[in-house]
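Inside the fold
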Amino acid sequence: MNRLHPRIRILWVARAVVFALAAGGVATAATLFAPVSIPTFVPVAVGGVFLVVGVGFALLRYRAWGYEVRDDSLYLQRGVLTKVNTVVPFVRVQHVDSTRGPLERLVGLASTVVYTAGSRGADVSVPGLTPEGAEDLQDRLKRLAIASEGDDAV
Amino acid sequence: MTRLSPLSVPYRAVQRSASVAFALAFFAFTGGTAFGGVLGGLGAVALVGVAVLGIAGYEIAYFRRFEYELTPDTLDIRSGVFSRRNREIPYRRIQNVDISRNVAQRLVGIAAVNLETAGGGETEGSLRFVSYEEARRIQSEVARLKRGGKDGDAPEPEQELLFELTPRELAIVGALSFDLRLPGLVFVFGSTAFPIVASYVDVPLPTGSAAAAGVGIVALVLLVALVSWAAGFASAVLNYYGFRLTRVGDELQYERGLLQRYNGSIPLDKLQTLTVEDNPLKRRFGYATLLVETAGYAPGSDGTNGSGRASRGSEAAIPLATRDRVLGLVADLEGVELPTFEGPPTRIRRRYAVRYSLVLGAATLALYGANRFLPQEIPWFVPLALVPVAVVAGALQWRHRGYALAEDHFVTRNGFWKRETRVVPYYRVQTVIERRTIFQRRWRVSTVTADTAGSISLVGGDATAVDIEVADAAELRETLNGRLREALSARREARRQSRQAALGIRAAEPDRDADASDSGAVTDTESGVSETPAFVEEAEPTTAENEDEGEGGGEDEGENESEPEIEDEDEGEREGEEDEDEGESEETEVEQEADDPFIWGASAESGDDESDDDGR
């Protein structure tokens, strides 16, 4: 089972911090404009709770994430509260993207997205790869998908 | 190049001018008489006349500029009066050919043909109108040309009646249908019309006691229910009258409708999943509903479906039939008998009971809270009396859940009020998802979903085995993946063999067109050639074809070069063995390929070709 790159934690934690700040900001605004007086510690507490929970989730999510390129399928496991294990047979792969968002580029990471024709798990994304790793995974998946020689994908 | 039916000109002209003229006449006449008296009225009449003439002229031009042709590979349509459009639809891409005729069209003997391909909301090919015979000819020609047949050489495919709705079943469908659109329409119309009417006529407004108002409301509700039931009955009968499902060669054909006849075809190889649906009432009397799901077909978009059922699945959905017949049809279509289901573990009964009890608890709590704050007393403890019901409901839900691994199908069953039994062929599985919520972990169970590429799945659920033991779920996940692989290689094998047989016949007279139109050509022939050396020698005279195949079959050549011995052994085994063994040998083949970069390169070409050809 492969782990994600540890740097993905920076990204996720940063995202949690931003979210907590936003929540704190909203709470502050609500405190300022609310008709009834709300004690000043409330927005701080709201932000703090969001921060703790968010960061905790980010770290747990990192621990829960794993992927594996098997003989005939891509296997993913993830999820903090709801554990999700997904099997994507290579025969079913429609196309593979490797993407690098602006934030991902900041921490020098990339992700690989696998598309199937399915209605539910239509796109499966593996975040937290090094750019080379993402391209390598994309390439491997592509080759395996071709080698597995599916007939009509639908 | 063929023209539409000449009768379509007057029909279209009348159809179009009827609506336009009505609207125009209304506005022009009211406007005209208001401003210019009799003279204005005459002007309005003249205006309408001009409009009708214009429409007739347009329709003649439309008819003259609309041409279609069934070429060997594509259906070409050239149309457009002002902006021209030439459209070519490859036969292999055509998913459905639907014919519809309303009463007037039936009198005149013309029909509308709709050709659907996957993707895109609109109908890709629409012929308005051709004669009914021509419509049927197009339907069967498309099916025949799709198989790559040449003129006259394909035998007429045999027809097999799969299902016919009996009058009794039709009556039950009608009795169970409600159509809320008519009362809705009446309401909208009434609410806008009422003030107008009331301004002319002195409508006595109801001025009575609250009791009278209550009676009025009840009467109104009853009336609405009655009207919607009658409308539902009527639309169900209109829609499903004479419903027949026929298998013609490798296609399903349905026809239905009392006034407006529908007639369409669904290729069998586009079927994704079958769903048998029932509820306690239907179960009690031994009835069920069958939904047929295909990929990318969004039927019912023309808004002609009354009960709303057809728009959920496909036109071939069977509204209602005795359970035996539905199951028989499932067996016919998919070759699977409903197996015995394996349910969730017994302790899950408690989980459901607890779940429902929690709902009751929440309700009780809410009522208690309300009781505290409201002036008058509420019997807040009433929901607690329903706890036994929760226990029973939990047990029922538990009992109707289950999954089974049939020989070629994954079958799941869920729900008590609306029980859905889904049948998914292994080779239709797209991805397998196993999920375990935080609550499920407490009960040591998880849920496995087999995702398919259907259209209902977007709204409803996929085939899902809910709340099964964690270990079973992990096993099921892997089994599904394995069976998908086996089923796919078995299908490949079957296709290869049928392909071989076809080539054997054609060895006498090479037929390039047919090959070019068959997408499987690359995959199938490449194996076919290398594995039957005897045949290749026999077929030497048809060199052009075989050389071509040789190129496409770089993969097999590569294998023979690298490991000729093993490959030969494999072959020997494969010839005689069962499907499963074949699956395994395929598996090793894939692994070998995966180790050899040259083979990747070679198969990359063929793979590309194939995916090009084969997307739905």
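These numbers were taken from a predicted model, which means no experiment stands behind them.

On to the overall build of chain A. Check the secondary structure of chain A and you find four helices and six strands. Going from N to C terminus, chain A has its helices and strands arranged as α-α-β-β-β-β-α-β-β-α. For chain A, contacts bridging at least 24 residues in sequence account for 48% of all contacts bridging at least 6. For chain A, the exposed area adds up to about 7,500 Å²; of that, 63% sits on carbon and sulfur atoms.

So, about the environment of Gly335(B). Residue placement: Gly335(B) occurs in the loop between helix 8 (323-334) and helix 9 (347-373). Considered as a pair, Gly335(B) and His409(B) are 74 residues apart in the sequence and their alpha carbons are 9.3 Å apart.

Predicted confidence across chain A gives a mean pLDDT of 85, with 93% of residues reaching 70 or more. The secondary-structure element of chain A with the lowest mean pLDDT is strand 4 (residues 93-99) of chain A, recorded at 82, while helix 2 (residues 41-64) of chain A shows the highest, at 92.

Our next topic: the packing of aromatic side chains. All names here are of chain B. Tallied over the full model, the rule gives eleven aromatic pairs over all chains. Centre to centre, the rings of Tyr 11 and Phe 129 are 5.1 Å apart; their planes meet at 85°, and the pair counts as edge-to-face. One end of the pair, Tyr 11, is in helix 1 (residues 8-64); the other, Phe 129, is in strand 7 (residues 125-131), and 118 residues separate them in sequence. By relative accessible area, which is 14% here, Tyr 11 ends up buried. Classification of Phe 129 as buried rests on a relative accessible area of 3%. Taking the centre distance of 4.8 Å and the plane angle of 75° together, the rings of Tyr 368 and Trp 380 count as edge-to-face. Of this pair, Tyr 368 sits in helix 9 while Trp 380 sits in the loop between helix 9 and helix 10 (387-399), placing them twelve residues apart in sequence. Residue classification places Tyr 368 among the partly exposed residues on the basis of a relative accessible area of 35%.

Quick look at the packing of helix 1 (residues 8-33) of chain A against helix 2 of chain A now. Residue and element names in this part refer to chain A. Close contact between helix 1 and helix 2 brings their axes to 8 Å; oriented N to C, the two are set at 160°. Judged by the angle between their axes, helix 1 and helix 2 are roughly antiparallel. When you trace helix 1 past helix 2, the crossing you get is right-handed. Among the residues making up the contact of helix 1 with helix 2, the classes are represented as 17 nonpolar, five polar and two charged.

With that settled, consider the UniProt feature "transmembrane region" (unreviewed entry) in chain B. All names here are of chain B. The UniProt feature table records "transmembrane region" (unreviewed entry) at residues 44-63, 182-201, 213-238, 356-374 and 380-398. Regarding residues 44-63, the helix share stands at 100% and the strand share at 0%, and the terminal C-alpha atoms are separated by 29 Å. The straight-line gap between the two end C-alpha atoms of residues 356-374 is 27 Å; of that span, 95% is helix and 0% is strand.

Glancing now at helix 9 of chain B. All names here are of chain B. Compared with the 39 Å implied by 1.5 Å per residue over 27 residues, the 39 Å span of helix 9 between its first and last C-alpha is a close match. Listing the buried residues of helix 9 in full gives Arg 347, Ile 348, Arg 351, Tyr 352, Ala 353, Leu 360, Thr 364 and Asn 371. For helix 9, the secondary structure elements touched by its buried residues are helix 10, helix 11 (438-442), strand 19 (445-451) and strand 20 (463-469).

Turning to the environment of Ala474(B), a few remarks are in order. Residue and element names in this part refer to chain B. Here Ala 474 shows up in helix 12 (residues 470-506). For Ala 474, a relative accessible area of 27% gives the class partly exposed. In this structure the C-alpha to C-alpha distance between Ala 474 and Val 448, which are 26 residues apart in sequence, comes to 8.5 Å.

For the rest of this paragraph, the subject is the pairing of strand 19 of chain B. All names here are of chain B. In terms of residue burial, strand 19 counts as a mostly covered element, since seven of its seven residues are buried. Here strand 19 shows a buried face lined by Val 445, Thr 447, Thr 449 and Asp 451 and a second buried face lined by Ser 446, Val 448 and Ala 450. With five bridges joining them, strand 18 (residues 431-436) and strand 19 adopt antiparallel strand pairing. If you follow Thr 431 over to strand 19, its bridge partner there is Asp 451.

A few words on the pattern of salt bridges. Inspection of every chain in the model, using the stated rule, returns 25 salt bridges over all chains. Close ionic contact of Asp72(A) with Arg485(B) constitutes a salt bridge, the shortest N to O distance being 2.2 Å. Taken together, the residues Asp72(A) in the loop between strand 1 (66-69) and strand 2 (73-78) and Arg485(B) in helix 12 connect one chain to another. Take Arg485(B): its relative accessible area is 25%, and that puts it in the partly exposed class. Ionic pairing is found between Arg323(B) and Asp278(B), a salt bridge with its closest N-O pair at 2.9 Å. Pair noted here: Arg323(B) is in helix 8 and Asp278(B) is in strand 12 (residues 271-278), with a separation of 45 residues, a long-range link. Put simply, Arg70(A), Glu434(B), Arg436(B), Arg477(B) and Glu478(B) are held in one network by salt bridges that share partners.

Here the focus is the side chain of Thr31(A). All names here are of chain A. Residue position: Thr 31 is located in helix 1. A distance of 2.5 Å separates the side chain of Thr 31 from the backbone oxygen of Ala 27, its partner in a polar contact. Residue contacts for Thr 31: discarding those within four places in its chain leaves Ile 38, Pro 39 and Pro 43.

What follows covers a nonpolar patch on the surface. Residue and element names in this part refer to chain B. There is a patch of nonpolar side chains on the surface, built from Leu 7, Val 103, Leu 107, Val 108, Leu 238, Tyr 241, Leu 258 and Leu 259 and spanning about 690 Å² of accessible area. Looking at the nonpolar patch element by element, the count peaks at three residues for helix 2 (residues 103-108). Residue position: Tyr 241 is located in the loop between helix 6 (210-240) and strand 9 (244-248). Owing to a relative accessible area of 41%, Tyr 241 belongs among the partly exposed residues under this scheme.

With that settled, consider the sheet that holds strand 10 (residues 251-256) of chain B. Two modes of strand pairing occur in sheets, parallel and antiparallel, and in both the strands are linked by backbone hydrogen bonds. All names here are of chain B. Spatially, seven strands are ordered 7-6-5-11-10-9-8 in an open sheet, and the strand pairing comes out antiparallel. Two strands close off the open sheet at either side, each with one partner strand: strand 7 and strand 8 (159-164). In this sheet, adjacent strand axes meet at a mean angle of 20° when their direction is disregarded. Packing of helix 3 (residues 132-146) onto the sheet brings it into contact with strand 5 (94-101), strand 6 (110-117), strand 7, strand 10 and strand 11 (261-267), and relative to strand 5 it is tilted by some 170°.

Rules behind the numbers
Residues numbered from 1 in each chain as written. Chains lettered and ligands numbered in written order. Predicted model: local features only at pLDDT ≥ 70, side-chain atom pairs only at ≥ 80, totals over all residues. Heavy atoms only, no water. Helix = DSSP H or I, 4+ residues; strand = E, 2+ residues; numbered from the N terminus. Contact = heavy atoms within 4.5 Å. Areas by Shrake-Rupley, 256 points an atom, 1.4 Å probe, with all protein chains shown as cover. pLDDT = per-residue confidence, 0-100. Phe/Tyr/Trp six-rings, centres within 6.5 Å; stacked < 30°, edge-to-face > 60°. Buried < 20%, exposed > 50% of the residue type's maximum accessible area, 1.4 Å probe, protein only. Axes fitted to C-alpha atoms, helices over the stretch in contact; angles between N-to-C directions. Parallel < 35°, antiparallel > 145°, perpendicular 65-115°, else oblique. Left-handed = near helix turned anticlockwise from the far one by under 90°. Nonpolar A, V, L, I, M, F, W, Y, C, P; charged D, E, K, R; others polar. UniProt positions renumbered as here; feature names shortened; annotations may be inferred. Expected span 1.5 Å × (residues − 1). Pairing = 2+ DSSP bridges. Salt bridge = Lys/Arg side-chain N within 4 Å of Asp/Glu carboxyl O. Polar contact = N/O pair within 3.5 Å; in protein donor to acceptor, adjacent residues only side chain to side chain. Patch = residues over 30% accessible without salt bridge, like charges linked within 9 Å, V, L, I, M, F, W, Y side chains within 5 Å.

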